[in-house]
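Letter by letter, the chains look like this.
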Amino acid sequence: MKQSIRDKLDHLAGRLEEVDLLLASGDTARDMAQFTKLSRERAEIEPVAALFAEYRKAERDLAEAGALLADPDMRDFAEEEMKAAKARLPELATELQRLLLPKDPNDERSVILEIRAGTGGEESALFSADLFRMYSRYAERRRWQVEVLSSSESDLGGYREIIARIAGHGAYSQLKFESGGHRVQRVPETEAQGRIHTSACTVAVMPEADEIEDVQINPADLRIDTFRASGAGGQHINKTDSAVRLTHVPTGIVVECQDGRSQHQNKAQAMRVLAARINDAQLRAAQAKEAAQRKSLIGSGDRSERIRTYNFPQGRVTDHRINLTLYRIEAIMDGDLDELIAALATEHQAELLAALAET
């Protein structure tokens, strides 16, 4: 184990003792806010400190067994003890490093999902609808709620753009690797000669922002326009100016919402998306800086980067970031994303472990 990692663990073990003393004091018991804060800190530190105690015990067992090697009567026993300790130490070290990994503060949040059709015309819009169904089915499996905030339908029932909120505990931790370019290879329904076409969509997954805590939006920085909501083909859904367009002047971010029943509802939904986009822009700037130093599965902030290909004739899905190919495209398009997401999460954890070892 690297000395820098051991120093962190020694510090945490010492901090646990300090926290226990503070929790036992009468002053802390009378201050509920402080008591809650310290209790939360203890809950985070205690598993690491307990595992580090196991690691140190294994080190002591190894040293004691080594001392017994000189005794002929104890040699066999000592060798067995040393073998067990040597096997246990690397396992404990790896687990300790995993527990030391920084936690993404957004992991437990709900998400704003945006899917936009790209190259490929009508086929791209149809694929956008397929991707939205895929994520919706995945959300259903996890018992998460899906709420469409805004959509722009194509003539054949696809989506030029669709924005939805997926609400559920840990939604961002599972979906954060989905941002990027998704490419599809298949014979479109509109193709008369059976030729395979390639088209693409862009997916953005953003942690839902707490407008109060995460993003301060100055009303003076907003330009608010209202217009009539319209459906596919330009047919008016209503005769009032219920659709809302928000423009955040400092960043140039524009959000339109028209699927709600009223102007008030559309404005509230647009504010939710705007807050998420501003927060996401800040996150991506930080990720771009991180990606300049090392590979990052969450991306460099370039949403156009191709991350996955869905090849229907061959029945395969390939994630290009981790060179993983699965020949179960029907199940995946029906929302069975567990294997893909688990592989991405494992690779990301390995990446973080490597970074921890370098520091």
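Residues numbered from 1 in each chain as written. Predicted model: local features only at pLDDT ≥ 70, side-chain atom pairs only at ≥ 80, totals over all residues. Heavy atoms only, no water.

Caption draft 1: The overall build of the protein chain, seen in detail. Broken down by element type, the protein chain carries 9 helices and 11 strands. Burial status across the protein chain gives 42% buried among its 359 residues. Taking all contacts inside the protein chain whose residues are at least 6 apart in sequence as the whole, residues at least 24 apart take part in 61%. Of the accessible surface of the protein chain, which amounts to about 19300 Å², a share of 49% is contributed by carbon and sulfur atoms. (Helix = DSSP H or I, 4+ residues; strand = E, 2+ residues; numbered from the N terminus. Buried < 20%, exposed > 50% of the residue type's maximum accessible area, 1.4 Å probe, protein only. Contact = heavy atoms within 4.5 Å. Areas by Shrake-Rupley, 256 points an atom, 1.4 Å probe, with all protein chains shown as cover.)

Caption draft 2: Examining the nonpolar core more closely. Grouped together as the largest cluster of nonpolar side chains are 32 residues, with contacts concentrated most on Ile115, Leu131, Tyr135 and Tyr310. Beyond its immediate chain neighbours, meaning those up to four positions away, tyrosine 135 contacts Leu113, Ile115, Leu175, Glu178, His182, Val203, Arg308 and Leu337. Judged by nonpolar contacts, the second largest core, of 19 residues, contains Met206, Leu222, Val273 and Ala276. (Core = buried A, V, L, I, M, F, W, Y, C linked by side-chain atoms within 4.5 Å.)

Caption draft 3: Quick look at the packing of aromatic side chains. For the structure on display, the rule yields 4 aromatic pairs. For the ring pair phenylalanine 52 and tyrosine 55, a centre distance of 6.4 Å and an interplane angle of 20° mean the geometry is stacked. Highlighted residues: phenylalanine 52 and tyrosine 55, both in helix α3 (residues 32-68), separated by 3 residues, approximately one helical turn. Taken as a pair, phenylalanine 52 and tyrosine 55 share a single burial class, namely buried. For the pair tyrosine 138 and tryptophan 144, a centre-to-centre distance of 5.8 Å together with 80° between the ring planes defines the contact as edge-to-face. Lying over the aromatic face of phenylalanine 312, arginine 186 brings its terminal NZ or CZ to 5.0 Å of the ring centre. (Phe/Tyr/Trp six-rings, centres within 6.5 Å; stacked < 30°, edge-to-face > 60°. Lys NZ or Arg CZ within 6 Å of the ring centre and 35° of its normal.)

Caption draft 4: Geometry of the sheet that holds strand β2 (residues 145-153). Taking strand neighbours across the sheet as the criterion, the 8 strands line up as β2-β3-β1-β5-β4-β9-β10-β11 in an open arrangement whose pairing is mixed. Each edge of the sheet is formed by a strand with only one pairing partner; in this case those strands are β2 and β11 (324-326). With direction set aside, neighbouring strand axes in the sheet form an average angle of 15°. With 5 bridges joining them, strand β4 (residues 180-186) and strand β9 (residues 306-311) adopt parallel strand pairing. From the neighbouring strand, glutamine 185 faces β9, where its bridge partner is asparagine 311. (Pairing = 2+ DSSP bridges. Axes fitted to C-alpha atoms, helices over the stretch in contact; angles between N-to-C directions.)

Caption draft 5: Summary view of the pattern of salt bridges. On inspection of all chains with the given rule, the structure shows 32 salt bridges. A salt bridge links arginine 88 to glutamate 91; the shortest N-O distance between them is 3.5 Å. Taken together, the residues span about one helical turn, with arginine 88 and glutamate 91 both in helix α4 (residues 75-100) at a distance of 3 residues. In this structure arginine 88 comes out as partly exposed when scored by relative accessible area, which is 35%. Residue arginine 98 pairs with glutamate 95 through a salt bridge whose shortest N-O separation is 2.6 Å. Taken as a pair, arginine 98 and glutamate 95 lie in helix α4 at a separation of 3 residues, close to a single helical turn. For arginine 98, a relative accessible area of 33% gives the class partly exposed. Overall, glutamate 95 belongs to the partly exposed group, its relative accessible area being 29%. Where salt bridges share partners, they join Arg133, Arg137, Glu140, Arg141 and Asp334 into one cluster. (Salt bridge = Lys/Arg side-chain N within 4 Å of Asp/Glu carboxyl O.)

Caption draft 6: Spotlight on the pairing of β4. Among the 7 residues of β4, 6 are classified as buried, and the element is accordingly described as predominantly covered. In this structure, β4 lies alongside strand β5 (residues 197-207), joined through 7 bridges in antiparallel fashion. By the bridge assignment, glycine 181 is partnered in β5 with threonine 202.

Caption draft 7: Spatial organisation of the sheet that holds strand β7 (residues 243-248). The strand order across the open sheet built from 3 strands is β6-β7-β8, with neighbouring strands paired in antiparallel fashion. Across the chains shown, the open sheet's two edge strands, defined by having one partner strand only, are β6 (222-227) and β8 (253-257). On average, each strand axis in the sheet is inclined to that of its neighbour by 15°, with strand direction left out of account. Two strands pair when backbone bridges link them, and β6 and β7 are joined in this way by 6 bridges, in the antiparallel orientation.

Caption draft 8: Representation of the packing of helix α1 (residues 3-24) against α3 within the structure. Where α1 contacts α3, the axes come no closer than 8 Å and their chain directions differ by 130°. Judged by the angle between their axes, α1 and α3 are oblique. Judged by the twist between their axes, the crossing of α1 over α3 is left-handed. Per-class residue counts for the contact of α1 with α3 are 14 nonpolar, 1 polar and 9 charged. (Parallel < 35°, antiparallel > 145°, perpendicular 65-115°, else oblique. Left-handed = near helix turned anticlockwise from the far one by under 90°. Nonpolar A, V, L, I, M, F, W, Y, C, P; charged D, E, K, R; others polar.)

Caption draft 9: Representation of a negative patch on the surface in the model. A cluster of acidic residues, Asp76, Glu79, Glu80 and Glu81, forms a negative patch on the protein surface. Tracing the sequence through the fold places glutamate 79 in helix α4. Residue classification places glutamate 79 among the partly exposed residues on the basis of a relative accessible area of 40%. (Patch = residues over 30% accessible without salt bridge, like charges linked within 9 Å, V, L, I, M, F, W, Y side chains within 5 Å. Lys, Arg positive; Asp, Glu negative; His and termini not counted. Charge placed at Lys NZ, Arg CZ, Asp CG, Glu CD.)

Caption draft 10: Fine view of the environment of serine 242. Turning to its location among the elements, serine 242 is positioned in the loop between β6 and β7. By relative accessible area, which is 3% here, serine 242 ends up buried. With 15 residues separating them in the primary sequence, serine 242 and cysteine 257 have C-alpha atoms 9.1 Å apart. Those residues in contact with serine 242 that sit more than four places away from it in its chain are Phe227, Ala229, Ser262, Gln263 and Asn266.

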